[in-house]
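Structural overview for review
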Amino acid sequence: MTAPDVGVSTWSALGTTVELHVADPAELARATTRARDVLDEVDASCSRFRADSDLVRANRRPGRWTPVSPVLVGAVRIALEAAHETAGRVDPSLGEAMEAAGYDRTFDLLSRATDLPTALPGVVRPGAWREIGVRPDAVLVPHGARLDLGATGKAYAADLVAADLATTLGAPAAISVGGDVRVTDAPHHTSLHGRYRWPVVVGETRTDLADHPDDTVSLLLESGGVATSTVRARRWMRGGREWHHVLDPANGLPVAGPWRSVTALGHTCTAANTATTAALVLGDAAPAWLEQRGVAALLVDEQGERHPTSAWRASAEDDSADLAAPRRGGGR
Amino acid sequence: MPRPPLTTRHRDRYRALVVLITGAAAACSVAAVGAASGAAAHASEQKQAAKEARAAAARAAYDRAVRAQQLAAQAQAALTPRVIVKQRPARTVVTTKVVHVAAAPGTARVGGGTAVVQQRGTRTTVQSAPQAAAAPRAAAAPRAATPAPAPAPAPPPPPPPVVTAGS
């Protein structure tokens with residue numbers, strides 16, 4: 001059996017680190033070009049940090065339909081689906097609250113500590129997301145709300161890249177956009193290469209991956225995606241208060257629940273990210289909510305204790321399988 | 001004894017003298033004033049010229065300083081070029097078909113995915129739910145009968161793992 005050579009490329013996009021793994025190194029260059037192009041278009045359509053993006057244009061025209069690209073239409077559709085799925089815990093209309101808290105530019109530019117007071121965001125309108133309109137070629141942002149796709153945007157971007165590569169590459173691929181991972185699920189990949197299992201290392205922050213390897217979890221991802229949401233990353237000071245980027249839609253303030261990170265699997269990366277974000281917002285109610293939906297998830301509390309769901313713990317693999325064996329093919 | 005009054009002849013004569021003297025004095029005065037004015041004017045002109053010269057020199061010095069400052073600014077700009085944000089050309093590379101796949105109904109529905117989780121330090125294996133149908137195992141190729149089978153090759157190095165970290 002041939003060695004599982006993998007081509008890897010890494011670059012920055014969407015304000016984060018992107019990793020692309022391709023099972024055939026000969027296809028890496030083409031795959032990277034396509035992935036870059038897809039992410040550039042996501043940025044041009046969905047970024048709230050670009051004055052010329054479709055999203056910012058739509059936000060500037062509240063109450064009116066704004067023609068936008070299909071990429072943004074798709075992003076808003078799945079963001080609304082995530083909101084319905086979670087009864088609003090994953091809310092795409094918190095843009096104003098996020099900007100008022102200081103996160104009004106890419107995180108690299110965000111001042112880590114400032115005495116500037118937070119702006120008064122006005123009333124956070126719980127449920128304003130229900131008034132967001134979507135047409136095949138336009139979106140409508142209601143008054144008193146502002147689109148912010150941060151909760152699902154990177155995962156959606158990963159799903160987009162995987163969908164594109166699935167139709168254009170001859171080999172399986174895995175894409176990580178800021179830690180939201182999706183693998184290609186093309187049938188012809190499976191028939192040619194067998195069920196490919198991508199080794200994935202899960203950490204709460206990128207620093208942990210290097211500095212605290214014992215705190216990481218390794219898994220072999222066969223299909224779908226995996227995402228991790230944490231309150232430990234993207235933190236800043238504003239108005240004498242420490243903020244992070246996961247806001248509670250009920251009040252526009254950073255969530256203060258018992259979980260410092262949640263990792264979940266999903267049939268898509270968006271599904272995984274929806275589960276992790278909802279879990280942070282749900283707090284104590286998260287384990288039951290995840291169990292009811294059969295989500296394989298690992299919750300880590302403030303003391304570092306791990307709380308896996310039953311789907312995460314369930315064993316369905318042959319224990320005699322040698323996990324160190326080559327990961328390609330069905331003969332395990 | 002009071003002086004006898006002047007006769008008309010004497011009075012006129014004195015008046016002429018007075019006029020003469022007075023006129024001469026006036027003339028002298030005028031001449032003196034003119035001379036004085038001229039001198040003052042000359043001095044004033046000289047003073048003005050000096051003033052203007054100083055002003056010109058000051059302007060020239062100022063212009064040189066401004067020019068030097070401009071050159072310095074240009075040199076600094078050359079070292080730290082100004083970032084000009086250009087409008088990137090809009091390209092559509094993501095087809096609607098791809099968007100339909102990535103944003104199909106049910107995309108955000110939680111659950112699913114298939115993975116084998118390795119807990120650090122143990123060999124516990126888990127699989128996500130709902131469980132996908134396992135891929136059929138490939139049948140092993142029949143081995144040729146040999147008296148001394150060759151040793152199995154060393155397992156290939158594992159591929160670099162994909163990284164997921166919280167965000």
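Residue numbers run consecutively from 1 along every chain, following the written order of its sequence. As they are written, the chains are lettered A onward and the ligands numbered 1 onward, keeping that order. Where totals are concerned, whole chains, interfaces and linings use all residues; where local detail is concerned, this predicted model gives features only for residues with pLDDT of at least 70, and gives and counts side-chain atom pairs only at 80 or more. Side-chain numbers come from the whole structure's heavy atoms, not from hydrogens or water.

Let's talk about the overall build of chain B
Along the backbone of chain B there are two helices and two strands. Secondary structure is summarised from DSSP: a helix means a run of H or I of at least four residues, a strand means a run of E of at least two, and numbering begins at the N terminus for each. Secondary structure of chain B in N-to-C order comes out as α-α-β-β. Only protein chains enter the calculation, and the probe is 1.4 Å; a residue is then buried if its accessible area is under 20% of its type maximum, exposed if over 50%, and partly exposed in between. Across the 167 residues of chain B, 16% fall into the buried class. Taken as a whole, chain B presents about 12900 Å² of accessible surface, with 65% of it coming from carbon and sulfur. We get accessible surface area from the Shrake-Rupley algorithm with a probe of 1.4 Å; when it comes to residues, only the shown protein chains can shield them.

Digging into the sheet that holds strand β5 (residues 138-140) of chain A
Residues and elements named next belong to chain A. Criterion used throughout: strands pair if DSSP finds at least two bridges between them. Ordered by their spatial adjacency, three strands build an open sheet running β3-β5-β4, and the pairing between neighbours is antiparallel. The sheet terminates laterally at β3 (65-67) and β4 (133-135), the two strands that pair on one side only. Direction aside, neighbouring strands of the sheet carry axes that sit 20° apart on average. Pairing of β3 with β5, which is carried by three bridges, proceeds in the antiparallel orientation. What sits directly across from Trp 65, in β5, is Leu 140. Any pair of residues with heavy atoms lying within 4.5 Å of one another is described as a contacting pair. Each axis is a line fitted through C-alpha atoms, taken for helices only over the stretch in contact, and angles between the N-to-C directions span 0 to 180 degrees. Contacting β4 and β5, helix α3 (residues 70-85) crosses the sheet at an angle of about 135° to β4.

A look at the environment of Asp 185 of chain A
All names here are of chain A. Structurally, Asp 185 is set in the loop between β7 (180-183) and α6 (187-193). The partly exposed category is assigned to Asp 185, whose relative accessible area is 36%. Those residues in contact with Asp 185, other than ones at most four positions away along the chain, are Glu 222, Ser 223 and Gly 224.

A few points about the nonpolar core
Counting residues in hydrophobic clusters, the biggest one holds 72 residues, and the most contacted among them are Tyr 156, Leu 160, Leu 219 and Leu 221 of chain A. When residues no more than four places from it in sequence are discounted, the contact partners of Leu 221 of chain A are Val 181, Val 183, Tyr 196, Arg 197, Trp 198, Val 200, Val 226 and Leu 265 of chain A together with Thr 114 and Ala 115 of chain B. The criterion is simple. A nonpolar core is a set of buried Ala, Val, Leu, Ile, Met, Phe, Trp, Tyr and Cys residues joined through side-chain atoms within 4.5 Å.

Remarks on the pattern of salt bridges
All names here are of chain A. Any carboxyl oxygen of Asp or Glu within 4 Å of a side-chain nitrogen of Lys or Arg constitutes a salt bridge here. Counted by the stated rule, this structure contains nine salt bridges over all chains. The salt bridge partner of Arg 125 is Glu 131, with a shortest N-O separation of 2.9 Å. Across the pair Arg 197 and Glu 222 runs a salt bridge, and its minimum N-O distance is 2.2 Å. Highlighted residues: Arg 197 in the loop between α6 and β8 (198-203) and Glu 222 in strand β9 (residues 217-223), separated in sequence by 25 residues.

So, helix α5 (residues 153-168) of chain A
The end-to-end C-alpha distance of α5 of chain A, which contains 16 residues, comes to 23 Å, matching closely the 22 Å that a straight helix rising 1.5 Å per residue would cover. Of all the 16 residues making up α5 of chain A, 13 are buried; the element is thus mostly covered by neighbouring parts of the structure. One less than the number of residues in a helix, times 1.5 Å, gives the span that helix is expected to have.

Notes on the packing of aromatic side chains
Any two rings among Phe, Tyr and Trp, with Trp reduced to its six-membered ring, count as a pair given centres within 6.5 Å; such a pair is stacked if its planes are under 30 degrees apart, edge-to-face if over 60, and tilted if neither. Under the counting rule described, the total for this entry stands at one aromatic pair over all chains. Note on geometry: a ring has a charge over it if NZ (lysine) or CZ (arginine) is within 6 Å of the ring centre and within 35 degrees of the ring normal. In this structure, Arg 135 of chain A packs its charged tip against the face of Trp 65 of chain A, placed 4.0 Å from the ring centre.

Structural notes on the packing of α5 of chain A against helix α8 (residues 269-282) of chain A
Residue and element names in this part refer to chain A. At a minimum axis distance of 8 Å, the contact between α5 and α8 shows a crossing angle of 165°. The orientation of α5 with respect to α8, classified from their angle, is roughly antiparallel. Crossing of α5 against α8: the hand is right-handed. Side by side, α5 and α8 meet where Ala 155, Tyr 156, Ala 158 and Asp 159 of the first sit next to Cys 269, Thr 270 and Asn 273 of the second. Throughout, the term roughly parallel applies to angles under 35 degrees, roughly antiparallel to angles over 145, roughly perpendicular to angles from 65 to 115, and oblique to all others. Each crossing gets its hand from how the near helix is turned against the far one by less than a right angle, where anticlockwise is left-handed and clockwise is right-handed.

Focus on the sheet that holds strand β1 (residues 7-13) of chain A
All names here are of chain A. Across the sheet, eight strands lie side by side as β1-β2-β6-β7-β10-β13-β14-β15; this open sheet has antiparallel pairing. Edge positions in the sheet fall to β1 and β15 (306-308), since each of these pairs with one other strand and no more. Sheet twist, expressed as the average angle between the axes of neighbouring strands with direction ignored, equals 10°. Bridging between strand β2 (residues 16-22) and strand β6 (residues 173-177) involves five bridges; their strand directions are antiparallel.

Some thoughts on the environment of Asp 214 of chain A
Residue and element names in this part refer to chain A. Relative to the helices and strands, Asp 214 is located in the loop between α7 (206-211) and β9. You can call Asp 214 exposed: its relative accessible area is 59%. When the C-alpha positions of Asp 214 and Gly 203 are compared, they lie 9.7 Å apart, and in sequence the two are 11 residues distant.

Here we look at the confidence of the model for chain A
Mean pLDDT over chain A stands at 84; residues scoring 70 or higher make up 80%. Per-residue confidence from the prediction method is given by pLDDT, with values spanning 0 to 100. Across residues 315-332 of chain A the pLDDT falls below 50, and counting only partners more than four positions away or on other chains, this stretch makes 45 contacts in the model.

As for the pairing of strand β14 (residues 297-301) of chain A
All names here are of chain A. Most of β14 sits inside the fold, with five of its five residues counted as buried. Side chains Ala 297, Leu 299 and Asp 301 of β14 all project onto a buried face; the interleaved residues Leu 298 and Val 300 project onto the opposite face, where all are buried too. Where β14 meets β15, three bridges bridge the pair, whose relative direction is antiparallel. When the sheet's bridge partners are listed, Leu 299 is paired in β15 with His 307. The loop that links β14 with its antiparallel partner β15 comprises four residues; one of these, Gly 304, has a positive phi angle of about 90°.

A look at the environment of Ala 174 of chain A
Mapped onto the secondary structure, Ala 174 of chain A falls in strand β6. Residues Ala 174 of chain A and Val 8 of chain A, 166 residues apart in the sequence, show an inter-C-alpha distance of 9.6 Å. Once residues lying within four places of it in the same chain are set aside, the contact partners of Ala 174 of chain A are Glu 19, Leu 20, His 21, Arg 182, Val 183 and Trp 198 of chain A together with Val 162 of chain B.

Observations regarding unusual backbone geometry
Residues and elements named next belong to chain A. Unlike most non-glycine residues, Leu 14 shows phi in positive territory, near 55°. Relative to the assigned elements, Leu 14 resides in the loop between β1 and β2. A relative accessible area of 26% places Leu 14 in the partly exposed class.

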